[in-house]
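Understanding the architecture of this molecule
So the chains spell out like this:
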Amino acid sequence: MNAPVHRLAQLRDSVRAVPLNRRLGVVRKLHGLVIESEGPQTRIGELCAIVQAGASGPIRLADLLMAPSPPADSAGAAAPVLAEVVGIQSDHVTLMPYGGIAGLAPGSQVFALGTQSTIGVGDALLGRVIDGFGRPLDGRPAPLTSALRPLKGKPVNPMQRPPIAQVLETGIRSIDALLTLGKGQRVGIFAGSGVGKSTLLGMIVRHVQVDINVVALIGERGREVREFIEKQLGAEGLKRSVVVVATADQPALARIRAVHAALAIAEHFREQGKHVLLTMDSITRFGMARREVGLSAGEPPTARGYTPSVFAELPELCERCGTAPSGGSISALLTVLVEGDDLNEPVSDALRAILDGHIVLSRQLVHQGQYPAIDLLKSASRLLSELTSSDQRKTIHEAIRVLALLERSRQMVELGAYEAGGNPELDRALACQPQLQNWLRQSAGGVARTQALEQLTLALNGRALTGELIP
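First things first, this report covers the structure right here in the doc.

Parameters and conventions
- Residues numbered from 1 in each chain as written.
- Predicted model: local features only at pLDDT ≥ 70, side-chain atom pairs only at ≥ 80, totals over all residues.
- Heavy atoms only, no water.
- Helix = DSSP H or I, 4+ residues; strand = E, 2+ residues; numbered from the N terminus.
- Buried < 20%, exposed > 50% of the residue type's maximum accessible area, 1.4 Å probe, protein only.
- Contact = heavy atoms within 4.5 Å.
- Areas by Shrake-Rupley, 256 points an atom, 1.4 Å probe, with all protein chains shown as cover.
- Expected span 1.5 Å × (residues − 1).
- Arc of directions from axis to C-beta.
- Phe/Tyr/Trp six-rings, centres within 6.5 Å; stacked < 30°, edge-to-face > 60°.
- Lys NZ or Arg CZ within 6 Å of the ring centre and 35° of its normal.

1. Re the overall build of the chain
Within the chain one finds 14 helices and 19 strands. Within the chain, the proportion of its 471 residues that are buried is 51%. Pairs at least 24 apart in sequence give 73% of the contacts found in the chain among residues at least 6 apart. Carbon and sulfur atoms form 53% of the exposed surface of the chain, whose accessible area is close to 21900 Å².

2. Let's talk about helix α8 (residues 308-319)
For α8, spanning 12 residues, the distance from its first C-alpha to its last is 18 Å, which sits close to the expected 16 Å at 1.5 Å a residue. Listed in full, the buried residues belonging to α8 are S309, V310, E313, L314, L317 and C318. The arc enclosing the buried residues of α8, seen along the axis, measures out at 155 degrees, which places them on a common side.

3. A few points about the packing of aromatic side chains
A full pass over the atoms with the stated rule returns 2 aromatic pairs. The ring of F133 is capped by R257, whose NZ or CZ atom sits 4.1 Å from the centre of that ring.

4. Side note on the environment of L148
Within the secondary structure, L148 is located in strand β9 (residues 147-150). On the basis of relative accessible area, L148 is assigned to the exposed category, the value being 65%. Counting along the chain gives 30 residues from L148 to T118, while the straight-line C-alpha distance between them is 6.1 Å. Among all residues touching L148, those that are not within four sequence positions of it are T118, I119 and G120.

Keep in mind that these numbers describe shape and distance, not what the molecule does.
Here is the structure:
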C-alpha cells in the first residue's frame, strides 16, 4: 500500500472513531472533593470532563491529561477538570477530580469522554521521574513511550505462573542470609513512622540484582522525593529505574492512579522477560486514599473506617506481581506504615496474610543504634526453605536460635542476675553477641549473599573476617 492510500485509510479510521453524539450531565452538588451530577450515562472508572456552564470550545482528552486541573483562562472562567466516575446511583453519578475544583458550581456540565485510564510504557521511561499520568517531573521533555497500557491489568493465571526458584539478592546482609527472598516474591516492610523504611528501600534499590527498578512514592512529603532520588537512589540507580510520584498534597485519585501506573509499567517490562523490582512507599497510603474514595462513593466504613473496597483491592494489586510465562518477574517490596506501631491494625493484618513474607522494623532496635533495624524474630520469608540449601538452613536456624536466646535472657543479663557458667548455651551466645550485632548493622548495601553467609558463620563463632568489626 502506497503512502497516500495508507494515509487515506488512517483518516477513514479516525473519522469512523469519532462519536456522533455526546453523553452529557449536569453538576447538582459539590461537597469536599466529591461531585454529584445528574447524568451522564457512564460506567465505573470512566473519565469525564467537567466544564463551567456556557463554556465553549472542544474538549480534548490529551489536553486534560497534560493538566488535569489547568488554571483559569484570561476571562476568569474555570478550565475543564478531569474527573473519574467512582459511584453510580439511581438518580446521580458520583465523581472525584484529579485536581482542584475551584470555580466549578452547580450547573456545570459533565462530558463523558468514553475512555478508561491508560499509561504510556516503553524503554523511554528508564531514568525518568513521572506522575501517575506519565507527565515528567524531572524538568525534561515528556518521554516518547512506545505503547499505551491499561492501568488496571489482569493477574496472571495461577496455573501459568512458573515457580519462584531464583534468589533475589538485595545487598542487605540480614535479609539475604536470614530472610532469603526470591525473584517474584512479594514482601512487606512493616514499620512505624521514622524507623527507616525509606532508607532501607534506598539501600536495596541501589544494589539489588534485577534488570529494572520501578519505584512508586505514594503520599510522600515533597521534600523527601528529591532526597530519596538523589541521596538514596543515586545517579547509577536512577539509570535503570522508573520513579512514579504522587505527593501527599495530591487528591486521593491521583495517589491511587500512581499505584496502578507503577504496576502497569512493571507489567510491561515483565512481559519482555525482564526481572523487575517494584518498591512502593507506602501501600498504606494507597489504602487511605482508597478509603477516602470509598467513603465518598457511599461505601460503609468497617475496621477503623476502612471500606470493603480497600480489602478487595489490596489482594488484586499483590496478585498482579510475581512470575509470568514470559520468564520475567515482578518482585514487590511494599512498605506498610504501621499506625501507632500496632502490627495488628487492619491494613497491616490484611497484608501479612496476602504477602509472601514480612520484614518488621523495630523502634527499639533504632534506639539501640542498629541500622537497618530489622527485628528478625518477628520477620519471616515464606520461601526461605525452598531457596536455601540444607547447610545454609542449618546456619540460619542457629543464628535465629542465638538471637532468640539473647532476647529471652536480655533482662536477666542486664540486671546482673545471671552468672557465667549457669547455662553453657547462653554463655556461647553472649560470647558471639558483639560480632553478631555488628554483623546485623550495615551502613551501605551491596554485600554479596555468599559473603554475608560467610560473615554470619564467623560471627556465630565469635570472630569477624579480619578479627575486627565487620565493615
